[in-house]
Amino acid sequence: MIHSTSACVAIVDDDAMVSASLTAILSREGYRVESFSSPVHALEFLKQNDVDAVLSDVSMPTMTGIELLARLRDMATDTPIVLMTGVPRIEDTIRALELGAFRYLTKPLAGGVVRKAIHEAVHWRRLTRASTAGPALADRAELEEAFNRALERISMAYQPIVSATSKLALGHEALMRSSEAKLPSPPAVLDAAEKLGRLHALGRKLRRIVAQQLTSRPDQTMFVNLHSADLADRDLTDPKAPLTTHARSVVLELTERASLESISSLEMRLATLRELGFRIAVDDLGAGYAGLSYFARLSPDIVKIDMSLTRNIHKDNVKQRVFGSICRLAQDLDILVVAEGIETEEELVTVNRLGADLVQGYLTGRPGPLPPPTIE
Ligand code: G
Ligand code: MN
């Protein structure tokens, strides 16, 4: 895919061969690539220039990728960093998560894995920037029309979240679906809402649909994704708002990736939501920006571990150890663990053994209409 205004990616790797092949892969995608064999030089460049994503090796002689990440965080940049390592070590993985590495990839790397990680990193970066740099006026009118149509026709699909042992559905995650041709995917709709400053309108619409569903199905526990901007919407905590009346049946999912809010105000808003009866989940743990420290401070009721950690977990010792550590931490804090993106029996067996309470994924149920109530 060629990006309209091409995004800039910095590659940091002391291995010239790896660097050349990554440069080729990403250049073909239309990215502008700056490559550095020395992390020190990369850091110099990153101090002066704004890049959309950094792809860095972990073990390098002058400075490790983890140190580079720490230095960038000291500079208070939001630039997402994707780390790659040939020798995955548990300490590094945990440190990378703490520092908020965007992804932690294991070499040898398939081109597709790199492309996906960088694409998501750049997309994330653009989303966080969107509020400051709005679209041009002509584009804006067109975008607004498309967004309004999308909003009118939006629907929800429901994916079961099941017990890791009994496989019985204990709840469903409500997932946005768009039938607007110009904004065909949930990220496209979110992106448009963000650019247009219409996030609250979108959030309200989604919550209204879920509330309607709960009115006819009060037996359900519904997991609802919140954009961090929704936390500032008064409708969310309005006792008369449609979803608030069902608060005790609702788990609000806060994505780790999205929130850059100051934790103190975030904590206050979450306390209000809890008083209303909502439960709180941290979504996508392990894939995000803010890392484990964020998760610990929110003390959620539920934590959902991202599919980047569960994919092929049965074959990956480091993933197993990270997953196991998160489960133990969660257990100590009385937090339920949901393993996301479970596609195979092997993954299910492994996450169950490591301590996941609940699982969600194509293996145990695809997103779709809510199944009819079971008659007891
Ligand atoms: O970020 P969040 O966890 O809310 O995203 C859920 C998304 O993941 C949905 O779009 C859903 O369709 C998708 N999804 C759910 N289960 C699986 C799975 O087993 N594999 C993959 N690849 N995607 C999944
Ligand atoms: Mn979710």
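For the structure, check the block above.
Cut-offs applied
Residues numbered from 1 in each chain as written. Chains lettered and ligands numbered in written order. Predicted model: local features only at pLDDT ≥ 70, side-chain atom pairs only at ≥ 80, totals over all residues. Heavy atoms only, no water. Helix = DSSP H or I, 4+ residues; strand = E, 2+ residues; numbered from the N terminus. Buried < 20%, exposed > 50% of the residue type's maximum accessible area, 1.4 Å probe, protein only. Contact = heavy atoms within 4.5 Å. Areas by Shrake-Rupley, 256 points an atom, 1.4 Å probe, with all protein chains shown as cover. Core = buried A, V, L, I, M, F, W, Y, C linked by side-chain atoms within 4.5 Å. Pairing = 2+ DSSP bridges. Axes fitted to C-alpha atoms, helices over the stretch in contact; angles between N-to-C directions. Polar contact = N/O pair within 3.5 Å; in protein donor to acceptor, adjacent residues only side chain to side chain. Near = heavy atom within 4 Å. Nonpolar A, V, L, I, M, F, W, Y, C, P; charged D, E, K, R; others polar. Donors = N, O, S within 2.8 Å, 3.2 Å for Na, K, Ca; no water.

Focus: the overall build of the protein chain
Stage number 1. Helices and strands together make up the secondary structure of the protein chain, namely 14 helices and 13 strands.
Stage number 2. Per-residue burial over the protein chain gives 52% buried out of 376 residues.
Stage number 3. Taking all contacts inside the protein chain whose residues are at least 6 apart in sequence as the whole, residues at least 24 apart take part in 69%.
Stage number 4. Total accessible area computed for the protein chain in this model is approximately 17100 Å², and 54% of it derives from carbon and sulfur atoms.

Brief notes about the nonpolar core
Stage number 1. Counting residues in each nonpolar core, the largest one holds 66 residues, and the members touching the most others are Phe147, Leu183, Leu202, Leu243, Leu252 and Phe323.
Stage number 2. Looking at this core, the element that brings in the most residues is helix α8 (residues 199–216), giving 7 residues.
Stage number 3. Every residue in contact with Phe323, bar those within four places of it in the chain, is listed here: Ile305, Thr310, Ile313, Val337, Ala339, Val351, Leu354 and Ala356.
Stage number 4. Counting residues in hydrophobic clusters, the runner-up holds 23 residues, among them Val58, Met60, Ala70 and Tyr104.

Side note on the sheet that holds strand β10 (residues 279–285)
Stage number 1. The strand order around the closed barrel formed by 8 strands is β6-β7-β8-β9-β10-β11-β12-β13, and the pairing between neighbours is mixed.
Stage number 2. Where strand β9 (residues 250–255) lies against β10, 5 bridges are found, and the strand directions are parallel. Considered in β10, the bridge of Leu252 is made with Ile280.
Stage number 3. Packed onto the sheet, α8 meets β6 (155–163), β7 (169–177), β8 (222–226) and β9 and runs at close to 60° relative to β6.

Overview of unusual backbone geometry
Stage number 1. At the junction of Lys107 and Pro108, the peptide bond is cis and its omega measures out at 0° in the coordinates.
Stage number 2. For Pro108, the position within the fold is in the loop between β5 (103–106) and α5 (111–130).
Stage number 3. In the Ramachandran plot, Asp284 falls in the positive-phi region, its phi being about 55° despite a non-glycine side chain.
Stage number 4. With respect to the helices and strands, Asp284 occurs in strand β10.
Stage number 5. Its relative accessible area of 13% is what places Asp284 among the buried residues.

Details of the side chain of His172
Stage number 1. Along the chain, the position of His172 falls in strand β7.
Stage number 2. One polar contact links His172 to Gln220, side chain to side chain, over a distance of 2.8 Å.
Stage number 3. With residues near it in sequence (within four places) discarded, His172 still touches Tyr158, Gln159, Pro160, Ile161, Gln220, Thr221, Met222, Phe223, Leu370 and Pro371.

Thoughts on the site of ligand 1
Stage number 1. Within the structure, ligand 1 sits among 16 residues, and Glu173, Asp284, Glu340, Glu343 and Tyr362 are positioned closest to it.
Stage number 2. Here an oxygen atom of ligand 1 sits 3.3 Å away from a polar atom, N or O, in the side chain of Asn225.
Stage number 3. At a separation of 2.5 Å, a nitrogen atom of ligand 1 approaches a polar side-chain atom of Glu343.
Stage number 4. Considered on its own, ligand 1 offers 520 Å² of accessible surface; in the complex 75% of this is hidden by protein.
Stage number 5. Sorting the residues of the shell around ligand 1 by element identifies β7 and β10 as the ones contributing at least two each.
Stage number 6. Residues belonging to the shell around ligand 1 are distributed by class as follows: 5 nonpolar, 4 polar and 7 charged.

Quick notes on the coordination of the manganese ion (ligand 2)
Stage number 1. Taken together, Glu173 (OE), Asn225 (OD1), Glu253 (OE) and Asp283 (OD) make up the protein donors of the manganese ion (ligand 2), found 2.1 to 2.4 Å from the metal.
Stage number 2. Donor residues for the manganese ion (ligand 2), ordered by position in the chain, follow E-x51-N-x27-E-x29-D. On the criterion of sequence distance, the pair formed by Glu173 in strand β7 and Glu253 in strand β9 is long-range, its members being 80 residues apart.

Digging into the side chain of Asp92
Stage number 1. Here Asp92 shows up in helix α4 (residues 90–99).
Stage number 2. Here Asp92 is in contact with Val58, Ile66 and Tyr104, once residues within four sequence places are set aside.

Note that every value here comes from positions in space, so none of it alone points to a role or purpose.
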